[in-house]
Amino acid sequence: MASPAPPLKGVRVVELAGLAPGPFAGLLLADYGASVLRVDRPHPSAHTTSLPPPTADALVRHKTSISLDLKAPSSKAILLSLISNADVLIDPFRPGVLERLGLSPTDVLLKHNPRLIVARMTGFRRDGKYKDMAGHDINYIAVSGVLSMLGRAGEKPYPPGNILGDFAGGGAMCFLGILLALLSRQSTGKGQVVNANMVDGSAYLASMPRLGRKSEIWGKPRGENTLDGGCPYYGTYETKDAGRYFAIGALEPQFYAALLKGLGLSPEDMLPRGSNGKREDPVNWPFMRGVLERRFKEKTRKEWEAIFDGTDACATPVLDMDELEQSGFDLRPAVELEGTPGIEYAKDEGGWSEKGLSPGQGGEETLKSWLGWERGRQFDVANGALVTKAPGSKL
């Protein structure tokens, strides 16, 4: 029996090469069956028998590449032909770049293909004081208000790598916008421009803490709230084997009771003498944290695992990436669709590494699949980029 097709099979995506969020949106599409063709800049070895080294982009699973010089009419004509036969274009550039290349989404691209979805991914909003400025993840979550909520009490805001802005608020939200536009096209028959940016994306993801500022759960300064490091029974603790940690999230009374049971502590052990007896009172939190710090250092992480595995104490080891990879932990697509599953990770890589994608790698096969084109007939290679056989033509 043949395996069911992934949900995005047949969707054709042109991804203009960029940094993390754009490629991540393309990766999500590719993992669920879309044919994703990355457009790289010209390279002397592109489309030769000895391809150039892979680019620094590691988010290339299931993708192919061609090299184009978008400033040259004979190379840009190939992009326009692809656009005419594509469903999605991912634009990772700062505002105005496509327009300066003569590739305005509304005036050019959607006229070539009214069903096209142009997904534009920026860091800052396209309007407002920051729109023309350069930035990175830390800047986008800073002006969204999210960074101000991250970090320990009494310390400066602490950026969570580039996960929140680039990947969650950027690439994943752009992917969501593309899916919504594909759904809309089913009823309207028309494509559209999808404008995604990391400021609005990260701010949206922070809906709970933003709204929680008006309540007890998040109404205190940074690092003093229930879920941001303030609460002692929602945090991490070092174990006897230095550099190893345990995470606890025993918020509800029954889970807290299971935690204390595993630790061999009574409710009275957790509270200072003369206290009001309420674990929820922040006045008691420094004392409680001290008790937990001392107790967790009495056993190794493995010993605590043996105690808490299978319980409802909301207590788990903090596993690092190296040990997960070495243990053979199987990374899987973000969500499981039982009827039309996404594409599984390759068995030899398992999601822990990528061989990379060189400019020009596999792209000519994609041109043949999409358009029926072959080198020497409809296109050729010049100066490290594909060009049309008839320079300047729109084919």
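Residues numbered from 1 in each chain as written. Predicted model: local features only at pLDDT ≥ 70, side-chain atom pairs only at ≥ 80, totals over all residues. Heavy atoms only, no water.

- An unreviewed UniProt entry annotates the protein chain as Alpha-methylacyl-CoA racemase of Polytolypa hystricis.
- In UniProt, the protein chain has this text filed under Sequence similarities (unreviewed entry): "Belongs to the CoA-transferase III family." (UniProt positions renumbered as here; feature names shortened; annotations may be inferred.)

Comments concerning the domain arrangement of the protein chain
- For the protein chain, the domain assignment lists domain 1 (12–207 + 332–388) and domain 2 (234–327).
- Its C-alpha centre places domain 1 at a distance of 42 Å from the equivalent point of domain 2. (Domains from an automatic or database assignment.)

Some remarks on the packing of aromatic side chains
- One pass over the full model with this rule turns up 10 aromatic pairs.
- Plain terms: the ring middles of Phe 24 and Phe 167 are 5.0 Å apart, the flat faces sit at 75° to each other, and that makes the pair edge-to-face. Within this pair, whereas Phe 24 is found in helix H1 (residues 21–31), its partner Phe 167 is found in helix H6 (residues 163–188), the two being separated by 143 residues in sequence.
- Geometrically, the ring pair formed by Phe 124 and Tyr 140 is edge-to-face, given 4.8 Å between the ring centres and 85° between the ring planes. (Phe/Tyr/Trp six-rings, centres within 6.5 Å; stacked < 30°, edge-to-face > 60°. Helix = DSSP H or I, 4+ residues; strand = E, 2+ residues; numbered from the N terminus.)

Regarding the side chain of Ser 144
- Within the secondary structure layout, Ser 144 lies in the loop between helix H5 (137–143) and H6.
- At 3.3 Å, the side chain of Ser 144 and the backbone nitrogen of Val 146 are in polar contact.
- Excluding residues that lie within four positions of it along the chain, Ser 144 makes contacts with Val 199, Ser 202 and Ala 203. (Polar contact = N/O pair within 3.5 Å; in protein donor to acceptor, adjacent residues only side chain to side chain. Contact = heavy atoms within 4.5 Å.)

Re the side chain of Thr 226
- For Thr 226, the position within the fold is in the loop between helix H8 (207–212) and strand S7 (234–238).
- Residues contacting Thr 226, with those up to four places away along its chain left out, are Ile 217, Cys 231, Tyr 234, Leu 251 and Trp 285.

Details of helix H9 (residues 253–263)
- Listing the buried residues of H9 in full gives Tyr 256, Leu 259, Leu 260, Gly 262 and Leu 263. The buried residues of H9 occupy an angular sector of 160° when the element is viewed end-on, so they sit on one face.
- In this structure, the buried side of H9 is in contact with strand S8 (245–249), helix H10 (285–296), helix H11 (301–308) and strand S9 (315–317).
- Note on H9: the residue one or two positions beyond its end, Gly 264, has a positive phi of about 75°. (Buried < 20%, exposed > 50% of the residue type's maximum accessible area, 1.4 Å probe, protein only. Arc of directions from axis to C-beta.)

Examining the packing of H9 against H11
- H11 packs onto H9 with a crossing angle of 125° between their chain directions and a minimal axis gap of 10 Å. Between H9 and H11, the crossing angle belongs to the class labelled oblique. The chirality of how H9 crosses H11 is right-handed. Mapping the contact onto sequence places Ala 258, Leu 259, Gly 262 and Leu 263 in H9 and Trp 304, Ile 307 and Phe 308 in H11.
- Its residues assigned to classes, the contact of H9 with H11 comprises six nonpolar, one polar and no charged. (Axes fitted to C-alpha atoms, helices over the stretch in contact; angles between N-to-C directions. Parallel < 35°, antiparallel > 145°, perpendicular 65-115°, else oblique. Left-handed = near helix turned anticlockwise from the far one by under 90°. Nonpolar A, V, L, I, M, F, W, Y, C, P; charged D, E, K, R; others polar.)

A few points about the sheet that holds strand S5 (residues 117–122)
- Here six strands make up an open sheet; going across it, the order is S3-S2-S1-S4-S5-S6 and the pairing parallel. Edge strands, defined here as strands with exactly one partner in the open sheet, are strand S3 (63–67) and strand S6 (192–197). Along the sheet, successive strands turn relative to each other by an average axial angle of 20°, direction set aside.
- Judged from the three bridges that link them, strand S1 (residues 12–16) and strand S4 (residues 88–91) form a sheet pairing that is parallel. Counterpart to Val 14 in the pairing with S4 is Leu 89.
- Docked against the sheet, helix H7 (residues 198–205) engages S5 and S6, running at close to 70° with respect to S6.
- Along the sheet face, helix H13 (residues 363–371) touches S1, strand S2 (35–40) and S3 and points at about 100° away from the line of S3. (Pairing = 2+ DSSP bridges.)

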